[in-house]
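Structural features, examined
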Amino acid sequence: MSIREFRPGDRVEGFFLLSGAYSKQSANGKPFLSVELGDASGTIEGKVWDYSGPVSPADTGAVVKIRGMVSEFRGAPQVTVEQIRLAVPGDVYNVKTLVPAAPLDEDDARRELLALVGSIADDDYRRVCQKVLEHYGERFFTIPAAKTVHHGFLHGLLMHTLFMARTADYLAGLYAGVIDRSLLLAGTILHDAAKCEEFNTSPLGLVTEYSNRGQLLGHLVMGAQTVAACAGALGIPEEKSTLLQHLLLSHHGQPEFGAAVVPICAESELLSLIDTMDSRMEIYREVLDQTPAGTCSSRIFALEHRVYHHQ
C-alpha cells in the first residue's frame, strides 16, 4: 500500500524512506521520535512513542521498515508507529517505489538537452556550456532541483533545466530582435548547475541538506565562479564570461528572493521570468496531483495562496 492510499484505521507494514526524524520529549518527559515517512506517492508524518533509538535524526535519508496504525491528527493522516528499524542487507524492497522521480524519460530528456546545448550558435557560449556540464558530470542529470518546494525528486534538475531551455528557445525566436539566443540558452542551461555542489544527497539520491559551501555561498555564486573558471580555461572573451556570470547571479530576480544582483540585460530579465514560471507551474502540478478535482488545497507556502483544482 502506498502512502497516498493510507486511510485512518489502516494497519500498515512495509519499507519507507525516512524523509525526516526528530527526537522529542512528550509532556510527561518521555522521549519519542517524530518521523516523516516517504515513498514515491508522497509523505506522511508519524510518531514513535516512548522511543529513544536506535533510529535517530542521523538516519534521515535511509530506508526503514515500520509497522503501525494510520490515524488522523488535526485533519491530516498520521501513522502511530509501533515498530521501526533500519533496512538491512537481505531486505527485499523496490527503490523505485520509495523515491519520487521526474515524470519523464530520463534518457530522452538528456538527449534533448544536450541537443539544445549543441544548437548554441555562438562557439564561445557553447564551449563554456559544454565544459561546465562536463565539470559536474552525471550528478547534473540525476539530482533533484531542490530539497522541497519544486522538482524535489530524482532527475528534478534535468527536468527543470530542460523545460526552461525549451521555453528559452521559443522565446528567443519570438523576441529575436532583442534576445541573443546563444547567451540566453547557455545561461538557462547553466543557471542551477551549481546545485550539484550546493546539495548533499542521500544514498538514494534525494537532497538531505545543504553542503557547507552551499550554505556559505549558494548556487548562484558557485555557478558564476565555475563559469568564470571554465571560461578562463577556454580563453573566452571577458565580456562574454561576465555576461554569462551575470545571468546566473541575477536569475532569482530580486535580492529578497536570493539574487546577488538584479537583471539588467534583456537575457537576464527573461531568464528570471522563465525560472519563476517553470518553478511555479511545477508547484501547481504537484499540488493538483494531491488535490481532488472540485476542491481547494491548503495554503501553499511557496505560492502564498491556496490552489483550486477545477473540473
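For the structure itself, consult the block above.
The present account deals with the structure reproduced in this document. Nothing here was measured: the structure is a model prediction, and the numbers come from that model. (Residues numbered from 1 in each chain as written. Predicted model: local features only at pLDDT ≥ 70, side-chain atom pairs only at ≥ 80, totals over all residues. Heavy atoms only, no water.)

The final tally for this structure, using the stated rule, is 18 salt bridges. We note a salt bridge from Glu106 to Arg110, for which the minimum N-O separation is 3.1 Å. Of the two residues, Glu106 and Arg110 are both situated in helix 2 (residues 106–118); the distance of four residues between them amounts to about one turn of the helix. Relative accessible area serves as the criterion here: at 21%, Glu106 is assigned to the partly exposed category. Owing to a relative accessible area of 19%, Arg110 belongs among the buried residues under this scheme. Salt-bridge contacts for Arg127 lead to Asp123; the nearest nitrogen and oxygen are separated by 3.2 Å. Here the residue Arg127 and the residue Asp123 both occupy positions in helix 3 (residues 123–136), the gap between them amounting to four residues, near one helical turn. Exposure remark for Arg127: the relative accessible area of 27% places this residue in the partly exposed category. The network of salt bridges with shared partners includes Asp122, Asp123, Asp124, Arg126, Arg127 and Lys240. (Salt bridge = Lys/Arg side-chain N within 4 Å of Asp/Glu carboxyl O. Helix = DSSP H or I, 4+ residues; strand = E, 2+ residues; numbered from the N terminus. Buried < 20%, exposed > 50% of the residue type's maximum accessible area, 1.4 Å probe, protein only.)

With that settled, the discussion passes to the side chain of Glu282. Here Glu282 lies in helix 11 (residues 266–290). For Glu282, a relative accessible area of 4% gives the class buried. With near-sequence residues (within four places) excluded, Glu282 lies in contact with His150, His151, Phe153 and Met159. (Contact = heavy atoms within 4.5 Å.)

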